[in-house]
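Residue-level structure breakdown
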Amino acid sequence: MDHRAFLDDLLELVVVPSFSAVGPRVRRPLWAWTDPSPGSLEGRTALVTGATGGLGRAASRALADLGARVLLLGRDRGRLEQLRLELAGPGDAGRFAVHVADMADLASVRAAGRAIAASEAALDIVVDNAGMIYPDRTAAADGTEATMALMVVGPFVLVSSLLPLLRRSTDARVVAVTSGGMYASPLDVRDLDGSRLEYSGPRFYARAKRAQVAVIREWARRTRGSAVTFVSMHPGWARTPGLAASLPGFERIMSPILRSPEEGIDTITWLVTAPRTQLQAGRVYLDRRPRPFDRVPWTRLGAAERRMLWDEVVRRTRDADPAPD
């Protein structure tokens, strides 16, 4: 066994150093990481959801710095316009476009999808980053529990609406930003809204992330052989305004070893610039390597359950199945 893989896997097994800033700072020299070449995304168009938040902002800047045209999607037009101005250098304001949508509101997501389809000839990259922890149980406009709507049903509708654009690319990538919290969360696909559970913001966030990864696995299976590669990644524990607001105790205790946003999104830039042959479709990545889907047996979702989850998400969209089994 490669001694580097052994050390990396040992780090992953211990969890805390793997997910913290220790992870990338050990793995970078261990694997001799190289950064993407300047201009490696020139001529490519990328969409980032939740673009104005900590990781979304860092990802938008990184993709822009590599030369991509970047579509910025979020709920607040003012913040999106401010970010666009920050990113646009002299003469390249046309490289950035703003799209306003609430990912938990399917009508809003569909409107954004139509606008993007009308304005773009093709789409090469989607970074599904939008997410939040709701302090109280909340229902989205279509009745779905809001966390599940925001991070599972809404992104499903967005990707479905953009699939024709993605298929015009010769090498499209869809990257879902998940969370290490999903490893501790079981998911009953027959009760997607968690109606039988006592509400906890972090627990429901973790459930939604578990569902998100399962749906990405199904996208990858159902589009196998196409030019669109679906993968998930988790950024580890990164220092962001969202973390400070939703989990202040955790943020305070772990502050000395939290990753920077740039360390958190490194795997995103690697996933969208690495040769396609280096990627394993449907897998979940941390620090540029595929990781286990499950850590404990009671959170595992089998193939039949993933198909059930897909069918339930399709049912909630009230649209035709975009990738029939």
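Residues numbered from 1 in each chain as written. Predicted model: local features only at pLDDT ≥ 70, side-chain atom pairs only at ≥ 80, totals over all residues. Heavy atoms only, no water.

**What about the overall build of the protein?**
Applied cut-off: Each helix corresponds to a stretch of at least 4 residues labelled H or I by DSSP, and each strand to a stretch of at least 2 residues labelled E; elements are numbered beginning at the N terminus. Atoms counted for the radius of gyration: C-alpha only. Globule rule: 2.2 Å times the number of residues to the power 0.38. Think of it in three bands: residues with accessible area under 20% of the maximum for their type are buried, residues over 50% are exposed, and the middle band is partly exposed, with areas taken using a 1.4 Å probe on protein chains only. Reported accessibility uses the Shrake-Rupley method at a 1.4 Å probe radius. Residues are deemed covered only where the shown protein chains occlude them. The charge count treats Lys and Arg as positive and Asp and Glu as negative. His and the chain ends do not count. Throughout, a charge is located at the NZ atom of Lys, the CZ atom of Arg, the CG atom of Asp or the CD atom of Glu.
Scanning the protein from terminus to terminus reveals 13 helices and 8 strands. Against the compact-globule benchmark of 20 Å for 325 residues, the protein has a radius of gyration of 19 Å, which places it among compact chains. Projecting the C-alpha coordinates of the protein onto the three principal axes gives extents of approximately 45 × 45 × 40 Å. Here the protein holds 325 residues, and 54% of them are scored as buried. As displayed, the protein offers around 13800 Å² of accessible surface, 55% of which is attributable to carbon and sulfur atoms. The protein carries 44 positive and 37 negative side-chain charges, and their two centres are separated by 2 Å.

**Observations concerning the packing of helix H4 (residues 54–65) against helix H5 (residues 77–87)**
Between two packed helices, what matters for the description is the angle formed by their axes and the separation of those axes. Put simply, the rule is: Each axis is a line fitted through C-alpha atoms, and for a helix only the stretch in contact is used; angles between axes span 0 to 180 degrees, taken between their N-to-C directions. Should the near helix be turned counterclockwise from the far one by less than a right angle, the crossing is left-handed, whereas a clockwise turn marks it as right-handed. Any two residues whose heavy atoms approach within 4.5 Å at even a single point are treated as in contact. Residues were grouped as follows: Ala, Val, Leu, Ile, Met, Phe, Trp, Tyr, Cys and Pro as nonpolar; Asp, Glu, Lys and Arg as charged; and all remaining residues, including Gly, as polar.
Across the interface, H4 lies against H5 with an axial gap of 11 Å and an inter-helix angle of 35°. Here H4 runs over H5; the crossing is right-handed. Together, Arg57, Ser60 and Arg61 of H4 and Leu83, Glu86 and Leu87 of H5 make up the contact between the two elements. Here the residues of the contact of H4 with H5 sort into 2 nonpolar, 1 polar and 3 charged.

**Observations concerning the environment of alanine 97**
Along the polypeptide, alanine 97 turns up in strand E3 (residues 96–100). Among the residues examined, alanine 97 registers a relative accessible area of 16% and is labelled buried. Note: C-alpha distance between alanine 97 and leucine 72 (25 residues apart in sequence) is 6.0 Å. Once you skip the residues sitting within four places of it in the chain, alanine 97 turns out to touch Arg69, Val70, Leu71 and Leu72.

**Examining the sheet that holds E3**
Cut-off, in case you're wondering: Each pair of strands is called paired provided DSSP finds at least two bridges between the two strands.
An order of E3-E2-E1-E4-E5-E6-E7-E8 is seen for the 8 strands of this open sheet, with the pairing classed as mixed. Where the open sheet ends on each side, the last strands, each with one partner, are E3 and strand E8 (289–291). With direction set aside, neighbouring strand axes in the sheet form an average angle of 25°. For strand E2 (residues 69–74) and E3, the ladder comprises 5 bridges, and the chain directions are parallel. Paired with glycine 74 across the bridge in E3 is valine 100.

**Observations concerning the pairing of strand E1 (residues 45–49)**
The condition is simple: If you view a crossover with the strands going away from you and the path from the first strand over the helix to the second runs clockwise, you call it right-handed.
The buried count for E1 comes to 5 of 5 residues, which makes it a mostly enclosed element. Of the two faces of E1, both are covered, the one formed by Thr45, Leu47 and Thr49 as well as the one formed by Ala46 and Val48. Here E1 pairs with E2 via 5 bridges, running parallel. Along E2, the bridge assignment pairs threonine 45 with arginine 69. Following the chain from E1 across H4 to the adjacent parallel E2, one finds a crossover that is right-handed. Pairing of E1 with strand E4 (residues 125–128) involves 3 bridges; the strand directions are parallel. The residue bridging alanine 46 from the neighbouring strand is isoleucine 125, located in E4.

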